[in-house]
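# Observations on the three-dimensional arrangement
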Amino acid sequence: MRVADMHCDTIAELYGDHQKGGNASILSNDLMIDLQKMKAGGYGLQNFALYTDLQAAEGRPFEHCMKLLDTFYEEMEAHSDMIGIVKSYGDIEANWKAGKMSALLTIEEGGVCQGSLAFLRNFYRLGVRMLTLTWNYPNELGWPNLEQPEQGVDRESFRPDFRKANTTQGLTETGIAFVEEMERLGMIVDVSHLSDAGFMDVLRVSKKPFVASHSNARSVCGWVRNLTDDMIRLLAEKGGVTGLNFCPAFLTDVPDGEATYGSIDAIVEHAKHIVKVGGIDCLGLGTDFDGIKTHDELPDASCMPLLVDAFEKGGFRASEIDKILSGNVLRVYKEVLG
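In this report, we go over the structure that sits alongside the text. Keep in mind that this is a model prediction, so the values were computed, not measured.

Moving on: the packing of helix α10 (residues 264-278) against helix α11 (residues 304-313). Two elements in contact, α10 and α11, have axes separated by 10 Å at closest approach and are oriented at 55 degrees. Between α10 and α11, the interaxial angle falls into the category oblique. Between α10 and α11 lies a crossing of right-handed hand. For the pair formed by α10 and α11, the contact residues are Ile264, Ile267, Val268 and Ala271 on the first element and Leu306, Leu307, Ala310 and Phe311 on the second. When the residues that make up the contact of α10 with α11 are grouped by side-chain class, the tally is eight nonpolar, no polar and no charged.

Here is the structure:
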């Protein structure tokens with residue numbers, strides 16, 4: 001069994017540490033993901049996101065993303081004996097034959113392209129193979145599934161309703177052009193964080209499978225970052241995959257909306273529901289490691305064998321577990337990346 005995880009924010013954490021004068025390494029660190037933990041957890045492939053907060057980037061998101069890109073390459077090149085960068089599906093197979101894990105480069109926040117198809121193509125040339133169209137703010141491509149403050153309201157003091165889906169504001173014309181160009185290039189479209197209306201726009205425009213890299217089931221936990229049953233069915237019909245997110249707030253409904261405890265049982269519950277609605281072929285992993293505060297029972301990448309045990313106890317067959325751990329994700333990657 002090999003694990004293929006569609007989302008983590010480790011590169012941003014390493015970059016932040018380096019900016020403070022630290023020397024944290026992808027080989028070994030105090031984060032949720034490093035190469036040693038990945039090896040212990042049975043990882044075959046990890047998507048590494050270049051996560052960019054548009055507000056924190058202070059009007060220079062492209063430049064910020066390029067700095068993250070430099071951190072990614074510096075770390076991967078320093079440990080090329082253990083992990084290889086993926087630009088095509090064949091690279092995954094080649095890395096595994098060489099006894100290496102694989103790293104697939106993604107961007108979390110389409111706003112780093114600033115609406116420029118040239119920037120998108122250049123990121124592709126630099127190895128980016130998946131793009132999350134939005135994060136938590138509107139950008140040139142579309143709207144997120146997060147309530148935005150009205151004009152004049154201070155964003156710092158604004159408390160959004162995390163159960164209020166955006167069903168009216170979807171992709172812009174630029175966003176539609178991006179989806180079409182991504183499919184032409186062989187870049188995977190990621191709808192996690194995108195509004196419900198945007199999801200439907202991607203469904204309408206896309207011709208290839210797309211993913212929700214780190215999104216659970218909204219029927220199990222009502223957070224808007226999760227997918228409705230209709231969205232799960234439609235994603236499955238498109239041949240796409242959603243990745244189980246380990247963030248406690250996306251797993252269990254709690255009165256204050258700020259869950260602090262993540263259980264393996266809750267992950268299995270989401271898995272069962274998604275498979276019941278969309279079938280076994282639409283489910284994968286998108287842990288969100290190093291982008292979430294904590295998960296008490298699965299604190300880091302080394303603990304994946306515990307999740308396998310939980311799937312077995314939950315009634316999943318070995319062939320189904322293989323599909324969830326990596327098979328479904330690899331199928332999409334083979335079709336889209338070429």
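All of the buried residues along helix α8 (residues 229-237) are Asp229, Met231, Ile232 and Leu235. Along α8, the residues classed as buried sweep out an arc of 160 degrees about the axis, all on the same side. Buried residues in α8 make contact with α7 (196-205), β8 (241-244) and α10. The first or second residue beyond α8 is Gly239, which carries a positive phi of 85 degrees.

What describes a pair of aromatic rings is the distance from one ring centre to the other and the angle between the planes of the rings. Under the counting rule described, the total for this entry stands at 11 aromatic pairs. On the basis of an interplanar angle of 20 degrees and a centroid distance of 4.4 Å, the ring pair of Phe162 and Trp223 is categorised as stacked. Pair noted here: Phe162 is in the loop between β5 (128-132) and α6 (173-185) and Trp223 is in the loop between β7 (211-212) and α8, with a separation of 61 residues, a long-range link. Classification of Phe162 as partly exposed rests on a relative accessible area of 21%. On the accessibility criterion, Trp223 (7% relative accessible area) is buried.

Moving on: unusual backbone geometry. One non-glycine residue, Glu109, lies in the positive phi region at around 130 degrees. In this structure, Glu109 sits in the loop between β4 (101-108) and α5 (117-125). By relative accessible area, Glu109 is classed as buried at 0%. The backbone of Gln114 sits at a positive phi, close to 55 degrees, despite the residue not being glycine. We classify Gln114 as partly exposed; its relative accessible area is 37%.

Using the criterion set out here, one finds zero disulfides in the structure. Cysteine Cys8 shares no disulfide, and the gap to the nearest cysteine sulfur, in Cys65, comes to 14 Å. The closest cysteine sulfur to the non-disulfide-bonded Cys113 is located on Cys65, 7.6 Å from its own sulfur.

With that settled, the discussion passes to the environment of Val275. Inspection of the secondary structure assignment puts Val275 in helix α10. Taking the C-alpha atoms as reference points, Val275 and Ile232, 43 residues apart in sequence, are found 9.1 Å from one another. Sequence-distant contacts of Val275, defined by excluding residues within four places in its chain, comprise Ile280, Leu283 and Phe316.

Successive side chains on a regular strand alternate, one facing one side of the sheet and the next facing the other. Buried residues dominate strand β2 (residues 43-51), accounting for nine of its nine residues. Across three bridges, the pairing between strand β1 (residues 3-5) and β2 is parallel. The residue bridging Ala4 from the neighbouring strand is Leu45, located in β2. For β2 and β4, the ladder comprises seven bridges, and the chain directions are parallel. Within the sheet, the bridge partner assigned to Leu45 lies in β4 and is Ser102.

Turning next to the nonpolar core. By size, the foremost hydrophobic cluster in this structure holds 95 residues, and its most contacted members are Phe48 and Leu133. When residues of this core are assigned to their parent elements, the largest contribution, eight residues, is made by α10.

About the thresholds
Counting restarts for each chain: residues are numbered from 1 in the order of the written sequence. Totals for whole chains, interfaces and linings use all residues, but because this is a predicted model, local features are given only for residues with pLDDT of at least 70 and pairs of side-chain atoms are given and counted only at 80 or more. Heavy atoms from the whole structure form the basis of all side-chain values; hydrogens and water molecules are not counted. Fitting a line to C-alpha atoms yields each axis, with helices limited to the stretch in contact; the angle taken between N-to-C directions then spans 0 to 180 degrees. Secondary structure counts use DSSP, requiring at least four H or I residues in a row for a helix and at least two E residues in a row for a strand, with both numbered from the N terminus. Convention used here: angles under 35 degrees read as roughly parallel, angles over 145 as roughly antiparallel, angles from 65 to 115 as roughly perpendicular, and any remaining angle as oblique. Each crossing gets its hand from how the near helix is turned against the far one by less than a right angle, where anticlockwise is left-handed and clockwise is right-handed. Residue contacts are counted whenever heavy atoms from the two residues lie within 4.5 Å of one another. Amino acids outside the nonpolar list (Ala, Val, Leu, Ile, Met, Phe, Trp, Tyr, Cys, Pro) and the charged list (Asp, Glu, Lys, Arg) are all regarded as polar, and Gly is one of them. Only protein chains enter the accessibility calculation, which uses a 1.4 Å probe; a residue is then buried when its area is under 20% of its type maximum, exposed when over 50%, and partly exposed in between. Each direction from the helix axis to a C-beta atom contributes to the arc, which is the arc of those directions. Aromatic rings from Phe, Tyr and Trp, with only the six-membered ring used for Trp, were paired whenever their centres fell within 6.5 Å, and each pair was classed as stacked if the ring planes differed by under 30 degrees, edge-to-face if by over 60, and tilted otherwise. Two cysteine sulfurs form a disulfide in these notes if their separation is within 2.5 Å. Pairing between two strands requires that DSSP report at least two bridges joining them. To qualify as a nonpolar core, a set must consist of buried Ala, Val, Leu, Ile, Met, Phe, Trp, Tyr and Cys residues joined through side-chain atoms within 4.5 Å.

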